[in-house]
Amino acid sequence: MRDLTHQVRVAQRGTWFPLLVFATITLLAIPVYRYGPYVDLFGTCRSRADQMVCSGENPTQLGYWTVALVLAYAAIAGFYVKRSRRRGVGTPIRPYIVVGVALAILMTAVSILLVFHPLLPVPADPFADPGELEVGPAVLLVNWLASPMAVIGLALLVLAWVERHGALLAYSLGYLATVATLDGRVIHATSRWFFLPHLLVPAAVLLLGAAAFAALRPDRQVQGR
């Protein structure tokens, strides 16, 4: 009975596809970050010469992530439903989709709230290096948890629980640790490409994870029995 239950759980898994979808929307965010217009809806921007510094969220980026994450979960839900119908094995993907969409909406709400009630201190000189600010770990944690990369990682933890997938759990924890330790000063904040490591590194980790889970997916073993 245990062996049969394990085979059903293995047949339900499609771990590589969510990782591939998240890697895709992360890479597609690069032109949005680089060329998307900054709409100063909240009056948080200060300009000097050819530079502009804003202490709040970029509405263009925030709008992109909200829409992209919701569409990503719709694509993932469609993939799992189609897969379960083809194999004749149901899949408990609904909790993951519901939690994922809820996290995306919560991320948007918290990001907007932080614009009006920022936890990070506003420097006297807005053009100073942001790495010079002294910020407590609790403040950094709250701001990081409201980021798209953290939302993706938290949703992957839920997927690991839904699929009873120990390898995905270990991968998700590693992914969260990786994105949490990214140094924001790899590229200076005045550069138009300062955001690049924060998108390329998570995208690379997600792509490698998708490739590994696709190559080693256990459903091949189930089909061969």
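In this text the structure is predicted, and so the values were computed from the model without any measurement. (Residues numbered from 1 in each chain as written. Predicted model: local features only at pLDDT ≥ 70, side-chain atom pairs only at ≥ 80, totals over all residues. Heavy atoms only, no water.)

### Remarks on the overall build of the protein chain
Short version of the rule: By the criteria applied, helices consist of DSSP H or I runs no shorter than four residues and strands consist of E runs no shorter than two, each listed in order from the N terminus. Partly exposed describes any residue whose relative accessible area lies between the buried limit of under 20% and the exposed limit of over 50%, with all areas from a 1.4 Å probe on protein chains only and scaled to the type maximum. The contact criterion used throughout is that any non-hydrogen atoms of two residues lie within 4.5 Å. In these tables, accessible area is a Shrake-Rupley quantity obtained with a 1.4 Å probe, and a residue counts as shielded only by the protein chains included in the view.
In terms of helices and strands, the protein chain carries nine helices and two strands. The order of α-helices and β-strands along the protein chain, N terminus first, is α-α-β-β-α-α-α-α-α-α-α. Across the 225 residues of the protein chain, 35% fall into the buried class. The contacts of the protein chain with a sequence gap of at least 6 include a subset with a gap of at least 24, amounting to 71%. Per element, the accessible surface of the protein chain, about 12600 Å² overall, is 66% carbon and sulfur.

### Some points on the packing of helix H6 (residues 148-163) against helix H7 (residues 166-180)
This is how it is decided: Structural elements are reduced to axes, namely lines fitted to C-alpha atoms, with helices fitted over the stretch in contact, and the angle between N-to-C directions of any two is expressed from 0 to 180 degrees. Oblique is the label for any angle not under 35 degrees, not over 145, and not in the 65 to 115 range, which are roughly parallel, roughly antiparallel and roughly perpendicular in turn.
Contact geometry of H6 with H7 gives a least axis separation of 8 Å together with a crossing angle of 170 degrees. The angle between the axes of H6 and H7 places the two elements in the roughly antiparallel class. Counting all contacts with H6, which are made through Met149, Ala150, Ile152, Gly153, Leu154, Leu156, Leu157, Leu159, Ala160 and Glu163, the residues of H7 involved are Leu168, Leu169, Tyr171, Ser172, Leu173, Tyr175, Leu176 and Val179.

### A short note on the packing of aromatic side chains
Using the following cut-off: Pairing of aromatic side chains requires ring centres within 6.5 Å, counting the rings of Phe and Tyr and the six-membered ring of Trp. Pairs whose planes differ by under 30 degrees are stacked, by over 60 edge-to-face, and all others tilted.
Applying the stated criterion across every chain, the model contains nine aromatic pairs. Ring centres of phenylalanine 17 and phenylalanine 79 lie 4.2 Å apart, and the angle between their planes is 15 degrees; on these two criteria the pair is classed as stacked. Taken together, the residues span a long stretch of sequence, with phenylalanine 17 in helix H2 (residues 16-35) and phenylalanine 79 in helix H3 (residues 59-87) at a distance of 62 residues. We note that phenylalanine 17, like phenylalanine 79, is buried.

### Let's talk about the packing of H2 against helix H8 (residues 196-215)
As a reminder, the rule being used: Helix crossings are classified by the rotation of the near helix relative to the far one: an anticlockwise turn of less than a right angle makes the crossing left-handed, while a clockwise turn makes it right-handed. In the scheme used here, Gly and all other residues not listed as nonpolar or charged are polar, with Ala, Val, Leu, Ile, Met, Phe, Trp, Tyr, Cys and Pro taken as nonpolar and Asp, Glu, Lys and Arg as charged.
Across the interface, H2 lies against H8 with an axial gap of 8 Å and an inter-helix angle of 160 degrees. Viewed along their axes, H2 and H8 adopt a mutual orientation that is roughly antiparallel. Like other packed secondary-structure pairs, H2 and H8 cross with a definite hand, here left-handed. Residues Trp16, Leu19, Leu20, Phe22, Ala23, Thr26, Leu27, Ala29, Ile30 and Tyr33 of H2 lie in contact with H8, whose contacting residues are Leu196, Leu199, Leu200, Ala203, Leu206, Leu207, Gly209, Ala210, Phe213 and Ala214. Residues of the contact of H2 with H8, tallied by class, amount to 18 nonpolar, two polar and no charged.

### Some points on the environment of isoleucine 152
Mapping isoleucine 152 onto the fold places it in helix H6. Spatially, the C-alpha atom of isoleucine 152 lies 9.5 Å from that of tyrosine 175, the residues being 23 residues apart in sequence. Residues within four places of isoleucine 152 in sequence aside, it is in contact with Phe22, Thr26, Trp65, Leu69 and Tyr175.

### Some points on the side chain of glutamate 163
As a reminder of what qualifies: Polar contacts, as used here, are pairs of N or O atoms within 3.5 Å; protein pairs need one atom able to donate a hydrogen and one able to accept it. Residues neighboring in sequence count only if both atoms are side-chain atoms.
Residue position: glutamate 163 is located in helix H6. By relative accessible area, which is 6% here, glutamate 163 ends up buried. Separated by 2.5 Å, the side chains of glutamate 163 and tyrosine 80 make a polar contact.

### Quick notes on the nonpolar core
Let me state the cut-off plainly: Put simply, a nonpolar core is a bunch of buried Ala, Val, Leu, Ile, Met, Phe, Trp, Tyr and Cys residues held in one set by side-chain atoms that sit within 4.5 Å of each other.
Ranked by internal contacts, the top residues of the largest apolar core, which has 45 residues, are Phe22, Trp65, Leu69, Ile76, Tyr96 and Leu156. Of all the elements in the fold, those that place two or more residues in this core are H2, H3, helix H4 (94-116), H6, H7 and H8. It is H3 that provides the largest number of residues to this core, a total of eleven residues. Once residues lying within four places of it in the same chain are set aside, the contact partners of leucine 69 are Phe22, Ile25, Ala104, Met107, Val151 and Ile152.

### Observations concerning the environment of tryptophan 161
Structurally, tryptophan 161 is set in helix H6. C-alpha of tryptophan 161 to C-alpha of proline 95: the two residues are 66 residues apart in sequence and 9.9 Å apart in space.

### Examining a nonpolar patch on the surface
Under the convention used in this document: Residues enter patches when they are more than 30% accessible in relative terms and free of salt bridges; like-charged ones are connected within 9 Å and nonpolar ones (Val, Leu, Ile, Met, Phe, Trp, Tyr) within 5 Å. We count a salt bridge whenever a side-chain nitrogen from Lys or Arg sits within 4 Å of a carboxyl oxygen from Asp or Glu.
A cluster of nonpolar residues, Leu20, Leu27, Leu200 and Leu207, forms a patch on the protein surface that exposes about 290 Å² of accessible area. For the nonpolar patch, the secondary structure elements donating two or more residues are H2 and H8. With respect to the helices, strands and loops of the structure, leucine 207 is situated in helix H8. Leucine 207 gets classed as partly exposed once you look at its relative accessible area, which sits at 37%.

### Let's talk about the confidence of the model for the protein chain
Just so we agree on the cut-off: Per-residue confidence from the prediction method is given by pLDDT, with values spanning 0 to 100.
Scored by pLDDT, the protein chain comes out at a mean of 77, with 64% of its residues at no less than 70. Within the protein chain, H2 carries the highest mean pLDDT (94), whereas helix H9 (residues 219-224) carries the lowest (46). Scored below 50 in pLDDT, residues 122-127 makes eight contacts in the model with residues more than four places away or belonging to other chains. In this model, residues 221-225 is a region of pLDDT below 50 whose contacts with residues beyond four sequence positions or in other chains number five contacts.

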